[in-house]
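Okay, here's what each chain looks like letter by letter:
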Amino acid sequence: MIDAHIHVENPHLPGSKPFPDYLNEPAHVAERLRCELRSVGIDQALAIGSLDTTDEDPLGTDFTLEVAEQVPGLFAIGVADPRRSDKEHLERVEAQLQSGRVRALKGYLGYLYYGPDHPGYRSYYRLAAETGIPFIFHTGDNYSTKAKVKYAHPLLIDEVAVDHPETNFVIAHFGCPWFLDAAEVIYKNDNVWADLSGLLVGDESYFREQQRRGQMRAVAERVAEAMDYTERPDRFIYGSDWPLAPMRPYLFFANCVVAEDDQQAVFEGNARKLFGLQEGDES
Ligand SMILES: [Zn+2]
């Protein structure tokens with residue numbers, strides 16, 4: 001199985017609610033992550049870097065790659081900063097992508113007040129297409145009261161999906177709570193996917209409580225209905241958003257969302273295809 005959306009470092013998003021302290025030390029987070037992955041039988045995962053990019057670390061992935069050295073099967077997702085689209089920066093980004101250790105790019109809609117159609121993102125779309133990696137956008141609810149959620153509405157992805165047909169886009173969090181809007185963008189376009197991460201966020205006791213109150217079932221039904229609308233189970237990938245949710249209860253929840261016939265594809269096959277990951281690949 002592949003978990004295509006986790007964090008092993010603080011993403012440093014403006015105004016974000018706190019991330020756990022153990023994300024500050026590569027060895028600590030590596031130990032916890034190996035444990036979590038083993039407990040759910042996930043052999044490959046993709047972790048998102050930090051918005052704190054520098055000239056030396058143009059995609060904010062240095063820390064994540066350090067953790068990846070200690071976690072077999074872990075890969076990095078670089079952060080595309082639309083505020084930095086000068087030639088020198090983009091050359092450094094390109095060199096980093098050519099190293100093959102970064103398997104996707106991510107844009108943080110809403111946390112930054114830039115829509116996906118902002119010119120600052122265009123060169124990143126081209127680089128993603130040339131390198132054969134997808135471009136992921138945070139969409140939907142933001143984990144910060146400083147964010148402006150109108151920039152994160154999933155319908156905005158339609159604009160760039162049409163204008164950049166050579167780039168594969170991923171709607172992270174399936175546009176939560178705008179599932180049907182996200183579904184329409186996936187249904188209509190050939191180059192748009194979604195991940196199922198972050199639809200419930202909380203600790204073990206939160207998940208137990210949601211299950212007891214029937215809320216987990218209710219969310220799963222809304223998500224499943226929107227997935228059905230797309231008629232494209234081949235365009236969904238699994239993600240947990242760990243450590244914002246523990247892996248085991250999140251996987252249980254995702255199992256309630258995804259129809260049994262589609263589980264092999266959503267939990268593994270689709271991500272293999274999208275990220276070009278072979279079984280047993282390590283970064
Ligand atoms: Zn996330």
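Residues numbered from 1 in each chain as written. Predicted model: local features only at pLDDT ≥ 70, side-chain atom pairs only at ≥ 80, totals over all residues.

Our focus in this paragraph is the overall build of the chain. When you go through the chain residue by residue, the secondary structure sums to 10 helices and 8 strands. Compactness check: the chain gives a C-alpha radius of gyration of 17 Å against a globular reference of 19 Å for 283 residues, within 12% of the reference. With respect to the principal axes defined by its C-alpha atoms, the chain has extents near 55 × 45 × 40 Å. For the chain, the residues scored as buried account for 49% of the 283 residues in total. Counting only contacts in the chain whose residues sit at least 6 apart along the sequence, the fraction spanning at least 24 positions is 77%. (Helix = DSSP H or I, 4+ residues; strand = E, 2+ residues; numbered from the N terminus. Rg over C-alpha atoms; globule rule 2.2 N^0.38 Å. Buried ≥ 20, exposed ≤ 12 C-beta atoms within 10 Å, placed from the backbone. Contact = placed C-beta atoms within 7 Å.)

Moving on to the sheet that holds strand β5 (residues 135-138). Taking strand neighbours across the sheet as the criterion, the 8 strands line up as β1-β2-β3-β4-β5-β6-β7-β8 in an open arrangement whose pairing is parallel. Two strands bound the open sheet, and with one partner strand each, they are β1 (2-6) and β8 (236-237). Pairing analysis gives 2 bridges linking strand β7 (residues 192-195) to β8, with the strands arranged parallel. Bridge pairing in β8 places Asp 195 opposite Ile 237. (Pairing = 2+ DSSP bridges.)

Geometrically, the link from Cys 176 to Pro 177 is a cis peptide bond, its omega value of 10° lying close to zero. A cis amide bond links Trp 242 to the next residue, Pro 243, at an omega of 5°. The topology assignment puts Pro 243 in the loop between β8 and α9 (247-257). Residues other than glycine seldom take positive phi values, yet Phe 174 does so here, at roughly 50°.

As a further point, take the environment of Lys 106. Here Lys 106 lies in strand β4 (residues 102-108). Each C-alpha atom of the pair Lys 106 and Tyr 124 lies 9.5 Å from the other, and the pair is 18 residues apart in sequence.

Grouped together as the largest cluster of nonpolar side chains are 92 residues, with contacts concentrated most on Ile 171 and Ala 182. Look past the residues within four positions of Ala 182 in its chain and what remains in contact with it is Thr 139, Pro 154, Ile 171, Phe 174, Gly 175, Ala 194 and Ala 226. (Core = buried A, V, L, I, M, F, W, Y, C linked by C-beta atoms within 7 Å.)

This part is about the environment of Leu 274. Structurally, Leu 274 can be placed in helix α10 (residues 263-275). A residue is classified by how many C-beta atoms lie within 10 Å of it, and Leu 274, with 22 of them, is buried. Setting aside residues no more than four positions away along its own chain, Leu 274 makes contact with Pro 134, Asn 168, Trp 193 and Ile 237.

Let us look at the environment of Tyr 229. Secondary-structure assignment places Tyr 229 in helix α8 (residues 215-230). In this structure, the C-alpha to C-alpha distance between Tyr 229 and Tyr 108, residues 121 residues apart in sequence, is 26 Å. Residues in contact with Tyr 229, not counting those within four places in the same chain, are Leu 180, Ala 183 and Tyr 187.

Turning next to the packing of helix α3 (residues 87-98) against helix α4 (residues 122-131). Closest axis-to-axis distance for the α3/α4 pair is 11 Å, and the angle between their directions is 25°. The angle between the axes of α3 and α4 places the two elements in the roughly parallel class. At the point where α3 passes α4, the crossing takes the right-handed sense. Contacts between α3 and α4 pair Leu 90, Val 93, Glu 94 and Leu 97 from the former with Ser 123, Leu 127 and Thr 131 from the latter. (Axes fitted to C-alpha atoms, helices over the stretch in contact; angles between N-to-C directions. Parallel < 35°, antiparallel > 145°, perpendicular 65-115°, else oblique. Left-handed = near helix turned anticlockwise from the far one by under 90°.)

Moving on, we get to the packing of α8 against α9. In contact at an axis separation of 8 Å, α8 and α9 are set at 50° when each is read in the N-to-C sense. On the basis of the axis angle, α8 is oblique to α9. Pair α8 / α9 crosses with right-handed handedness. Contact residues: α8 offers Met 216, Arg 217, Ala 220, Val 223 and Ala 224, while α9 offers Phe 253, Cys 256 and Val 257. Of the residues that constitute the contact of α8 with α9, the class distribution is 7 nonpolar, no polar and 1 charged. (Nonpolar A, V, L, I, M, F, W, Y, C, P; charged D, E, K, R; others polar.)

If you check α3, its first and last C-alpha atoms are 16 Å apart, about what 12 residues at 1.5 Å a residue would give, namely 16 Å. Those residues of α3 that fall on the buried side of the exposure criterion are Val 93, Gln 96 and Leu 97. End-on view of α3: buried residues confined to an arc of 100°, all on one side of the axis. Among the exposed residues of α3, those oriented more than 90 degrees off its buried face are Lys 87, Glu 88, Glu 91, Ala 95 and Gln 98. Along its buried surface, α3 packs onto β3 (74-79), β4 and α4. Residue Gly 100 follows α3 closely and has a positive phi angle near 80°. (Expected span 1.5 Å × (residues − 1). Arc of directions from axis to C-beta.)

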